[in-house]
Amino acid sequence: FSKRACLWQLKVTDAFLQNDHDIICIAGTGMGKTLAFWSPLALQDTGILIVVTPLNQLGQQSTSFLEKAGINSISVKVILSG
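As the structure is a prediction and not an experimental result, all values here were calculated from the model.

Asks: Mind laying out helix H1 (residues 7–18), listing which residues take part and the relevant values?
Replies: The end-to-end C-alpha distance of H1, which contains 12 residues, comes to 17 Å, matching closely the 16 Å that a straight helix rising 1.5 Å per residue would cover. If you check which residues of H1 are buried, you get Gln9, Val12, Thr13 and Ala15. Taken down its axis, H1 places every buried residue within 155° of arc, on the same side. Opposite the buried face of H1, at more than 90 degrees from it, the exposed residues are Leu7 and Lys11. On its buried side, H1 packs onto helix H2 (33–43). Positive phi appears at Asn19, one or two residues downstream of H1, with a value of about 55°.

Asks: Go over the layout of surface pockets with me, naming the residues and quoting the values.
Replies: Taken as a whole, the largest pocket holds about 850 Å³ of empty space. Forming the walls of the largest pocket are 29 residues, and the residues nearest its centre are Leu49, Ile50, Val51, Ser73 and Ile74. For the lining of the largest pocket, the secondary-structure elements that each account for two or more residues are H2 and helix H3 (56–68). If one sorts the elements of the lining of the largest pocket by residue count, H3 sits on top with 5 residues. Within the lining of the largest pocket, the residues separate by chemical class into 16 nonpolar, 11 polar and 2 charged. Forming the walls of the second largest pocket are 20 residues, and the residues nearest its centre are Gly32, Lys33, Thr34, Leu35 and Leu58. Breaking the lining of the second largest pocket down by element, the ones donating at least two residues are H2 and H3. Top contributing element to the lining of the second largest pocket by residue count: H2, with 5 residues. Looking at the lining of the second largest pocket residue by residue, the classes come out as 9 nonpolar, 9 polar and 2 charged.

Asks: Run through the confidence of the model for the protein chain, naming residues and quoting values.
Replies: Taken residue by residue, the protein chain gives an average pLDDT of 80. The fraction at 70 or more is 95%. Mean pLDDT values for the elements of the protein chain range from 78 in H2 up to 87 in H1.

Asks: Mind laying out the environment of Ser64, listing which residues take part and the relevant values?
Replies: Examined against the element boundaries, Ser64 turns out to sit in helix H3. On the basis of relative accessible area, Ser64 is assigned to the partly exposed category, the value being 34%. In the structure, Ser64 is positioned 29 residues away from Leu35 in sequence and 14 Å away in space, judged by C-alpha atoms.

Parameters and conventions
- Residues numbered from 1 in each chain as written.
- Predicted model: local features only at pLDDT ≥ 70, side-chain atom pairs only at ≥ 80, totals over all residues.
- Heavy atoms only, no water.
- Helix = DSSP H or I, 4+ residues; strand = E, 2+ residues; numbered from the N terminus.
- Expected span 1.5 Å × (residues − 1).
- Buried < 20%, exposed > 50% of the residue type's maximum accessible area, 1.4 Å probe, protein only.
- Arc of directions from axis to C-beta.
- Contact = heavy atoms within 4.5 Å.
- 1 Å grid on protein atoms, 1.4 Å probe; cavity = no way out; pocket = protein on both sides within 12 Å on 5 of 7 lines; lining within 4 Å.
- Points joined across faces, edges and corners; volume = space filled by probe spheres on them.
- Nonpolar A, V, L, I, M, F, W, Y, C, P; charged D, E, K, R; others polar.
- pLDDT = per-residue confidence, 0-100.

Now the structure itself:
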C-alpha cells in the first residue's frame, strides 16, 4: 500500500490472519487503524472484510485507495433523517 506498518498494525494484521477471535482496535485519529484493517486484504486471495467507518467520506476514500491497489471494494452510505 506504499505505507510502512508499525508493530501494533502488524499485530492486528496477524490477528486477522489467524481468524480465531474477534478483534477490537483502539487508536487515536490518524494513527493508522485503516491500514491495519486493509493489510489482510492484500495478503489473502479470498474472504470479505467489513470495515465500519463513522464518516461517509472515509468510506469513499477507502474504496478509492483499495481499488487503486487492485482490491475490489464498495462503500455503503447510510443517511439518517428525522
